[in-house]
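# A structural walkthrough
As a plain string of letters, each chain reads:
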Amino acid sequence: MSLFHALLIGLIYYLANTSFLCGLAYFTTWRPVVNGFLVGLALGEPAQGALVGALINVLYLGYLSVGGTLGIGDAALAGITGATASIMLAVPPAMATGVGVVVGVLLGNLGFPLLTLRLKLDGRLVRRMDAAAEQGNARAVTWLNIAPAQALLFAITAPAAAALALMIGALGPLAGLLPDALTRGLSIAGMGLSGALGIALAMRFVFQRWGIAFFLAGFALAGVSGSLSLIADISVAVLLCVTAGSLIAILAGTARLRRDARHSRRLPLTPFWLWQCFSHSAYSFERLQGSGFAGALAPLIERVCATLEDRKDALKRQLAFFNTEVNLGAMLVSIVARMEAERAAGRATATEIEKTKSTLMGALAGFGDPLIQGALLPCVLSTALVILFSEFAANPREPALTGLVLYVAAIGSLIFAVGWLCYQAGDAFGRDAVTQLLGSPIVVRGAEAARGITAFMLGALVTSPWVVSLPPGPPPGGPLEFVRLGASLLLTLALWGLSWRIYSRPMLLWIGLLACGVLMALNGVI
Amino acid sequence: MIQLIRIDDRLVHGQVMAVWVRALNIDHLLVADDESANDAFARQVMQLAMPKGMTLVVQTVADARLTLAAAARDPHRWLALVRNVASAVRLHNAFPFDALNVGGAGMMPGRRLIWRSIALSQEETAALRALRAQGVDVYLQMLPSDPQKRDW
């Protein structure tokens, strides 16, 4: 591992968390499937990086990050270190993938102290924003939320990932000294067992009443057709539809919202872009997205507030603790922006603004997190993973670009469309936009459809020997193949059942799987 | 059965709806909050934020007593939310419970950051200690996968 490569890996970890990707980093570069590929690209083995990233991502399919927390570790760090480890560790090539997955998931836990450090240090930055607000300096509030906050983020993330990469590189040759059974055990656990846990956890969080039926349908169709290629073709169509549908929705929705809007003058787009990009830029325990909200509204506050006192009060008000689902939250940005303009003109009160914010941020998150992170994201991700694993099966030497490109295109356009349309709707209808959105049957059915598709794709993924395989190893073919499929299904369902009992500690189940892998290796299963 | 009683100033929001509700398999949600109970718009948006199959009850803290007393005996799985420590104490006086999850208390003037994003004032900390002295298991925890913090 040269210093240059380590720095590249550090840069990738920053990219996974950056605010400069228009708020889409969390949905793209933060995901192991994307950053694993990027690490592979940096180290000259894009196919290996993409495969390890995709396998790690299966474990994080049902993953949600809400209110400054990490569920089962930092997925981005897991993907990055896992891809690095699989390329740098001196283990036999056949075992590098599985071992990489295990190392990545373990090192992903280092994301907890890193996130804590970041949320604490950002607290200092927020106090500087408080000081700027105290002077009525709106520009400083926006500026502090951008440059110093991103510099701090870079200073935390990049060195950490670079140091881990150097460490993995340095320890690489030593991996060859590990007992063969241990290496083989970890390899079995990483490729073939832990995927089953990822699917089980996703089932746990995504399934609704008919979920299991869609799941079994996906499993049966993939199992009978003998490979993922048929479902992968359907998946390509689904993701193309999502991408095209999102782009059409942006155009048609914007035109319609502007036609029906209550005001002839639209809000400027500055608050939207600032929020979309920098909502989590100075993410602190004290205020969470309060800094992002104030940074987004500060330019407008500067414009509408007539007196210095007025501006100070408005800035301080918007710097208060704030936490919601970001993309639906764009609606609250435009609603509050309009209210601040109304208040400056004497037609609304500060209390009304605070109350609207606190009432709506909870409801929008209560509705939005299960919708975005609990339905739309797992749907697009699991659909893309089916394409990726179909591509890997066809040609393991290629990095599965179709799946990667379609994933980024579909999730990027979908998430952007949600944020954009929410901002426009809040601008057009004020707080009635919230009741319209939450009460919209299209949105509710869309979420149900997304959950159904996810369940179907999860079922299909169980048939991929890369993801779940019991007994571990390459598919045996012939009638034995059905035995393998049945055993893989049973393992997944058993873990699903167990995940209801051990809901608070999914990592325990994962460690149990590691132990199973090592036991199998000791007993010479493969 | 009451699965969880939680202090959370965001009331119905992401951590509750996306994680706790699914982790504990909740089908009935009680929001014991005077402000929301007296605000038609707040009640409406909370109701709209509910997924299919979830029953939402929004009541004042005083009224919540009867609901909780019935909930403790019925077969549904209840999660009760109160906005702050003061409401939790009032609720405990009306309906004694044995465990309290402190999951959301954002930074405000007069409050100090206790742990992660949980901030409490001196009076609130004292009130929680008093609850603990009465035998209530008071713990700080944001998500089921987070550790439960009892030494605050």
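Residues numbered from 1 in each chain as written. Chains lettered and ligands numbered in written order. Predicted model: local features only at pLDDT ≥ 70, side-chain atom pairs only at ≥ 80, totals over all residues. Heavy atoms only, no water.

## Description of the nonpolar core
Ranked by size, the top nonpolar core spans 215 residues in total, and within it Ile199, Leu385 and Phe389 of chain A carry the most contacts. If one sorts the elements of this core by residue count, helix H16 (residues 350-394) of chain A sits on top with 21 residues. Inspection of this core shows a minimum of three residues originating in each of domain 1 (3-258 + 364-522) and domain 2 (265-363) of chain A. With residues up to four places along the chain from it excluded, the contact list for Phe389 of chain A reads Leu51, Ala54, Leu55, Val58, Leu228, Leu461, Ser464, Trp466 and Val467 of chain A. Counting 30 residues, the second largest nonpolar core, distinct from the first, contains Val57, Leu100, Trp115 and Met142 of chain B. (Core = buried A, V, L, I, M, F, W, Y, C linked by side-chain atoms within 4.5 Å. Buried < 20%, exposed > 50% of the residue type's maximum accessible area, 1.4 Å probe, protein only. Helix = DSSP H or I, 4+ residues; strand = E, 2+ residues; numbered from the N terminus. Domains from an automatic or database assignment. Contact = heavy atoms within 4.5 Å.)

## Considerations on the domain arrangement of chain A
All names here are of chain A. Here chain A is partitioned into domain 1 (3-258 + 364-522) and domain 2 (265-363). Each of domain 1 and domain 2 was reduced to a C-alpha centroid, and the two centroids are 31 Å apart. At the junction of the two partners, domain 1 supplies 57 residues and domain 2 supplies 50 residues. Together domain 1 and domain 2 conceal approximately 4,600 Å² of surface at their shared face, both sides included; 65% is due to carbon and sulfur atoms. Per-residue buried area on domain 1 facing domain 2 is highest for Leu364, Tyr423 and Asp427; these three make up 17% of the total on that side. At the junction of domain 1 with domain 2, the criterion picks out five salt bridges. A salt bridge links Arg287 to Asp130, with the nearest nitrogen and oxygen atoms 2.8 Å apart. Linking domain 1 with domain 2 are 29 residue pairs in polar contact (both at pLDDT 80 or more). (Buried area = accessible area lost by both parts, 1.4 Å probe. Salt bridge = Lys/Arg side-chain N within 4 Å of Asp/Glu carboxyl O. Polar contact = N/O pair within 3.5 Å; in protein donor to acceptor, adjacent residues only side chain to side chain.)

## Quick notes on empty space enclosed by the protein
What the rule picks out here adds up to five cavities of 30 Å³ or more. When its volume is computed, the largest cavity comes out at roughly 680 Å³. Only helix H1 (3-17), helix H6 (111-134), helix H7 (138-171), helix H12 (270-278), helix H15 (326-344) and H16 of chain A together with helix H1 (14-23) of chain B provide two or more residues apiece to the lining of the largest cavity. It is H6 of chain A that contributes the most residues to the lining of the largest cavity, four residues altogether. Counted by class, the lining of the largest cavity contains 16 nonpolar, 21 polar and four charged residues. (1 Å grid on protein atoms, 1.4 Å probe; cavity = no way out; pocket = protein on both sides within 12 Å on 5 of 7 lines; lining within 4 Å. Points joined across faces, edges and corners; volume = space filled by probe spheres on them. Nonpolar A, V, L, I, M, F, W, Y, C, P; charged D, E, K, R; others polar.)

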